[in-house]
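Results of the structural survey
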Amino acid sequence: MKRFAKPILVTRPYLPPLDEFKKGLEEIWANQWLTNNGPMLQKFQKELSRYLGVPETNLALFNNGTLALELGYYAMGLSGGEVITTPFTFVATSHALKRIGANPVFADIDPETMCLSPEAAEKLITPRTKAIVPVHVYGNVCDVEGFERLGEKYGVKIIYDAAHAFGVFINAEKQRRGDAEGDKVVRGRGEDGSSVEKKSIGCCGDMSMFSFHPTKLFHSCEGGLLVFKDAAIQEKLFELRNFAIHGELSCTDVGSNAKMNELQALMGLECLKKIDELLDYRQKIYNAYAEVFADCQDVKVVPYSRNRAYVPVLFKDFATRERVYTELKEKCNVFSRRYFYPLLTDFAPYAYGSGNCPVADNLASRVLTLPTYYGLPIEDVKAIAESVKEIVA
Ligand code: T4K
């Protein structure tokens, strides 16, 4: 079992070449403009529009994913209503609902994709339901067609937490919006990781949120992006992210300060230049883990992430998962994470939903996410996988 001299963390952020970043800093210095819808932010928005194939009118950038969700939920009118969501996610998905006075209702997940199950969600729809919030957890794609059907049948909004799904593209013909809004077809990746012509996952449903936190495969130091179907909502979102003030004399709503600043936008622009390489490297890491685990019955690699944002593996039971987590740390100096354990319903603010999601409960107790990031040597990946095999043997 290999013990690494330096700790191997579950993830490390990609950092662009410092000289390139400095050129951008010089531009910011020359502009003497640091935030409040500056030129770097405008440039970032344009580049994201091009990369995702979504018109600029259907995007809004924020200073982090959590506030993007909060203001997105608010703008979609979810306050005071019930919202069906998954307990198998990061707390931000639900915190943002609670903070605008919406009530999260937890439904179980699909045993394969680990994303919210449309069938389980449908059983919980009531006249008070205003929306469903599925999460493309780990970059695994939800049953977007199933949720589209629910949205149409019950007249509820479908808002995706796509925090993990930047760089995920799905079949153009499956997109609700098709080519009607002039979306460009851009480079994406298929289920086997190959490059294909597809369109952004962010185009599904009424709204999607991508997180640009440094623990994500693509980041802007901190940041969040909303992609929405109805361009008319953009003005409201721009208003809400800037206190809902208009000039010096008017304020029309209870807005927040959720503006992305110029340094964040610059980091995002520099990382975006490298996105294909970042995605390709993650695929190589995934392949290396999958190859080592191929002959091991006791470790199941979850294969569904399209962007390989995370490498989740499942063990036969809770005790084995806990042993692997601890021994990797203590014997190998490798820091895996138990994303997403405990379930949200095991946390005090959401304990009212406890016990209703047996599939999520089971998977959360057996899952571990292994280190993956740009630059993690493939031989280290193989050594980590071999250690895991030894621990479970
Ligand atoms: N929805 C979902 C489904 C999400 O997963 C998230 C965030 C959100 C919404 C909200 O989006 P944001 O508001 O964050 O944009 C992390 C992240 O803080 C969080 O962004 C992320 N999900 C969540 C899944 O993971 P921690 O507490 O696990 O992060 P931390 O600080 O322990 O970092 C993880 C590893 O990365 C550590 O080993 C250290 C390393 N690291 C971290 C940072 C920040 C670095 O090497 N460099 C760094 O700069 O929550």
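I will try to describe carefully the structure that is included in this document. Quantities reported herein were computed from a predicted structural model and do not represent experimental measurements.

Let's talk about the overall build of the protein chain
The helix and strand inventory of the protein chain stands at twelve helices and 17 strands. Relative to the globule expectation of 21 Å for 393 residues, the C-alpha radius of gyration of the protein chain, 21 Å, shows essentially globular dimensions. C-alpha atoms of the protein chain, sized along the principal axes, occupy 70 × 55 × 40 Å. Here the protein chain, with 393 residues, has 57% of them falling under the buried criterion. A fraction of 71% describes how many contacts in the protein chain between residues 6 or more apart in sequence connect residues 24 or more apart.

Some points on the side chain of S208
Following the sequence through the fold, S208 ends up in strand β10 (residues 207–211). Here G202 takes part through its backbone oxygen, which lies 3.3 Å from a polar atom of the side chain of S208.

Some thoughts on the sheet that holds strand β14 (residues 300–301)
Sheets are built from strands paired through backbone hydrogen bonds, the pairs being either parallel or antiparallel. The strand order β14-β15-β17 describes an open sheet built from three strands, whose pairing is antiparallel. A single partner strand is all that each edge strand has here, and the edge strands are β14 and β17 (367–370). Strand direction decides the pairing type here: β14 and strand β15 (residues 311–314), joined by two bridges, are antiparallel. Residue pairing across strands places V301 opposite V313, the latter belonging to β15.

Focus: the sheet that holds strand β3 (residues 82–85)
Taking strand neighbours across the sheet as the criterion, the seven strands line up as β2-β11-β10-β6-β5-β3-β4 in an open arrangement whose pairing is mixed. Edge positions in the open sheet fall to β2 (59–62) and β4 (103–106), since each of these has one partner strand only. In this sheet, neighbouring strand axes are inclined to one another by 25 degrees on average, regardless of whether the strands run parallel or antiparallel. By the bridge criterion, two bridges tie strand β5 (residues 129–133) to strand β6 (residues 157–161) in an arrangement that is parallel. The residue bridging A131 from the neighbouring strand is K157, located in β6. Helix-sheet contacts for helix α2 (residues 39–52) involve β2, β10 and β11 (224–228), and the interaxial angle to β2 is about 130 degrees.

Concerning the site of the ligand
Inspection of the region around the ligand gives 27 residues, with R12, T66, D161, H164 and Y339 positioned closest. Here a nitrogen atom of the ligand and a side-chain polar atom of D161 are 2.6 Å apart. In the model, an oxygen atom of the ligand is placed 2.7 Å from a nitrogen or oxygen of the R337 side chain. Here the ligand loses 77% of its free accessible area of 930 Å² to cover by the protein chains. Only α3 (65–75), α4 (92–99) and β10 provide two or more residues apiece to the shell around the ligand. When the residues that make up the shell around the ligand are grouped by side-chain class, the tally is twelve nonpolar, eleven polar and four charged.

Here is what the cut-offs are and how they apply
- Residues numbered from 1 in each chain as written.
- Predicted model: local features only at pLDDT ≥ 70, side-chain atom pairs only at ≥ 80, totals over all residues.
- Heavy atoms only, no water.
- Helix = DSSP H or I, 4+ residues; strand = E, 2+ residues; numbered from the N terminus.
- Rg over C-alpha atoms; globule rule 2.2 N^0.38 Å.
- Buried < 20%, exposed > 50% of the residue type's maximum accessible area, 1.4 Å probe, protein only.
- Contact = heavy atoms within 4.5 Å.
- Polar contact = N/O pair within 3.5 Å; in protein donor to acceptor, adjacent residues only side chain to side chain.
- Pairing = 2+ DSSP bridges.
- Axes fitted to C-alpha atoms, helices over the stretch in contact; angles between N-to-C directions.
- Near = heavy atom within 4 Å.
- Areas by Shrake-Rupley, 256 points an atom, 1.4 Å probe, with all protein chains shown as cover.
- Nonpolar A, V, L, I, M, F, W, Y, C, P; charged D, E, K, R; others polar.

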